[in-house]
Amino acid sequence: MALPVPRLSIPAALALGSAALGAAFATGLFLGKRWPPWGYRRHQRLLPPPDNPLWQYLLSRSMREHPALRSLRLLTLEQPQGDSMMTCEQAQLLANLARLIKAKKALDLGTFTGYSALALALALPEAGRVVTCEVDAEPPKLGRPLWKQAEVEQKIDLRLQPALQTLDELLAAGEAGTFDIAVVDADKENCTAYYERCLQLLRPGGVLAVLRVLWRGEVLQPQPKNKAVECVRNLNERILRDARVYISLLPLDDGLSLAFKI
Ligand SMILES: C[S@@+](CC[C@H](N)C(=O)[O-])C[C@H]1O[C@@H](n2cnc3c(N)ncnc32)[C@H](O)[C@@H]1O
Ligand SMILES: *[C@@H]1O[C@H](CO)[C@@H](O)[C@H](O)[C@H]1NC(C)=O
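Residues numbered from 1 in each chain as written. Chains lettered and ligands numbered in written order. Predicted model: local features only at pLDDT ≥ 70, side-chain atom pairs only at ≥ 80, totals over all residues. Heavy atoms only, no water.

Draft legend 1. Focus on the pairing of strand β3 (residues 156-160). Sheet topology note: the strand β2 (residues 129-134)/β3 ladder contains five bridges and is parallel. Within the sheet, the bridge partner assigned to Val-130 lies in β3 and is Ile-156. After leaving β2, the chain enters helix α8 (residues 139-149) and then returns to the sheet as β3, a path that is right-handed. (Pairing = 2+ DSSP bridges. Helix = DSSP H or I, 4+ residues; strand = E, 2+ residues; numbered from the N terminus. Right-handed = clockwise from strand over helix to strand, strands pointing away.)

What follows is the structure in structure tokens.
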């Protein structure tokens, strides 16, 4: 079996095959520009650098990406904004946590093209369900054929409306305390509200994951440049002081917080 290509092993400059462009990259000409579309965040990623051989080794010796996940990842990276996809090792970790706690019901806030939803669905039993929330109808259209190909489409319940609305509907329907795992990767403006509602929807022993909690390192800035940083920072403080959960913050990609409901 061929080793799956880790998400970050397709340097844009190489794909474009131009030495001149490569040189421009090296001299930082493109730094801070949105071209290539998936290159922007990569420059600002935290630890460790994606082209680091040790990191590549880690991925090549730990990733067991389902063929449908791999296809979806490669397809997504070709899209504008493709880089807002979760990384493959993050999705694999979340899927493994779901398996570990024998999860049946999962919440996925921020479907995008459906990579995390697919990874979670593959980790759930036949009767499992992933409620995945998205406001933009377009990106999940890319993922649906691959959900089908992986034969888990029936487990994925896509709700095309603001995530807060879906969470409130689930609470109103009496589903508090019934979810096993929740993944928060939608807008940052509402992240504290997502955290609180997801915590209510989780059962004790459930896992709450929040993505991008280091926000490219901007959480360190004394005067945050934008609202998102402020929201992320407030949430990080809240989780730290929250006696209802055990926590871990992993330096994967832009930071991944795990809160384990007590
Ligand atoms: C970082 S991406 C999610 C990545 C995805 N989890 C994956 O594995 O590839 C964030 C997504 O959240 C969606 N989003 C933004 N605001 C939202 C809201 N209020 N409710 C639901 N989804 C929202 C965006 O449209 C975007 O597709
Ligand atoms: C935050 O949630 C509110 C209420 O659903 C919604 O109107 C708003 O668009 C959300 N913010 C973002 C950035 O998605």
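Draft legend 2. Examining the packing of aromatic side chains more closely. Overall, the coordinates contain zero aromatic pairs when judged by the stated rule. Positioned above the aromatic ring of Phe-179 is the side chain of Lys-105, whose terminal nitrogen or guanidinium carbon lies 4.3 Å from the ring centre. (Phe/Tyr/Trp six-rings, centres within 6.5 Å; stacked < 30°, edge-to-face > 60°. Lys NZ or Arg CZ within 6 Å of the ring centre and 35° of its normal.)

Draft legend 3. The arrangement of the pattern of salt bridges in detail. With the rule as written, the count across this model stands at 15 salt bridges. As a salt-bridge pair, Glu-153 and Arg-144 come within 3.0 Å of each other at their nearest N and O atoms. Given the relative accessible area of 23%, Glu-153 is considered partly exposed. For Arg-144, a relative accessible area of 29% corresponds to the partly exposed category. The residue Asp-168 makes a salt bridge to Arg-197 at a minimum N-O spacing of 2.7 Å. (Salt bridge = Lys/Arg side-chain N within 4 Å of Asp/Glu carboxyl O. Buried < 20%, exposed > 50% of the residue type's maximum accessible area, 1.4 Å probe, protein only.)

Draft legend 4. Looking closely at the site of ligand 2. Taken together, Pro-162, Leu-164, Asp-187, Glu-189 and Asn-190 are the residues near ligand 2. In the model, a nitrogen atom of ligand 2 is placed 3.5 Å from a nitrogen or oxygen of the Glu-189 side chain. Between ligand 2 and Asn-190 there is a distance of 2.4 Å, counted from an oxygen atom to a side-chain nitrogen or oxygen. Across the shell around ligand 2, the residue classes tally to two nonpolar, one polar and two charged. (Near = heavy atom within 4 Å. Polar contact = N/O pair within 3.5 Å; in protein donor to acceptor, adjacent residues only side chain to side chain. Nonpolar A, V, L, I, M, F, W, Y, C, P; charged D, E, K, R; others polar.)

Draft legend 5. Just unusual backbone geometry, in detail. Here the phi dihedral of Lys-102 falls at roughly 55 degrees; this positive angle occurs in a residue that is not glycine. With respect to the helices, strands and loops of the structure, Lys-102 is situated in the loop between α6 (88-100) and β1 (105-109). Take Lys-102: its relative accessible area is 65%, and that puts it in the exposed class. Of note in the backbone geometry, Arg-216 takes a positive phi value of approximately 55 degrees without being a glycine. Relative to the assigned elements, Arg-216 resides in the loop between β5 (202-211) and α11 (227-241).

Draft legend 6. Examining the environment of Val-184 more closely. Here Val-184 lies in strand β4 (residues 179-184). Residue Val-184 is classed as buried on the basis of its relative accessible area of 1%. Separated by eleven residues in sequence, Val-184 and Tyr-195 have C-alpha atoms that sit 7.5 Å apart.

Draft legend 7. Up close: the side chain of Asp-108. When you line up the elements, Asp-108 lands in strand β1. Buried and without a salt bridge, Asp-108 has Arg-212 as its closest oppositely charged side chain, separated by 9.9 Å. A distance of 2.8 Å separates the side chain of Asp-108 from the side chain of Ser-116, its partner in a polar contact. At 2.7 Å, the side chain of Asp-108 forms a polar contact with the side chain of Thr-132. Those residues in contact with Asp-108 that sit more than four places away from it in its chain are Ser-116, Ala-117, Leu-120, Val-130, Val-131, Thr-132, Cys-133 and Val-183. (Lys, Arg positive; Asp, Glu negative; His and termini not counted. Contact = heavy atoms within 4.5 Å.)

Draft legend 8. Quick look at the sheet that holds β1. In space, the seven strands of this open sheet follow the order β3-β2-β1-β4-β5-β7-β6, with mixed pairing throughout. Here the strands that pair on one side only, and so sit at the sheet edges, are β3 and β6 (245-250). Between one strand axis and the next, the sheet turns by 15 degrees as a mean value, whatever way the strands run. Two elements, β5 and strand β7 (residues 256-261), share five bridges in a ladder whose sense is antiparallel. Bridge assignment links Val-207 to a residue of β7, and that residue is Phe-260. Relative to β5, helix α10 (residues 191-201) is tilted by about 155 degrees, and along the sheet it contacts β1, β4, β5, β6 and β7. (Axes fitted to C-alpha atoms, helices over the stretch in contact; angles between N-to-C directions.)

Draft legend 9. Up close: α10. Those residues of α10 that fall on the buried side of the exposure criterion are Cys-191, Tyr-194, Tyr-195, Cys-198, Leu-199 and Leu-201. One face of α10 carries all of its buried residues, which in axial projection span an arc of 155 degrees. (Arc of directions from axis to C-beta.)

Draft legend 10. Highlighting the pairing of β2. In terms of residue burial, β2 counts as a mostly covered element, since five of its six residues are buried. Inspection of the sheet shows β1 paired to β2 by five bridges, in the parallel sense. Looking at β2, one finds that Leu-109 is bridged to Cys-133. A crossover links β1 with its parallel partner β2, the connecting element being helix α7 (residues 115-123), and its sense is right-handed.

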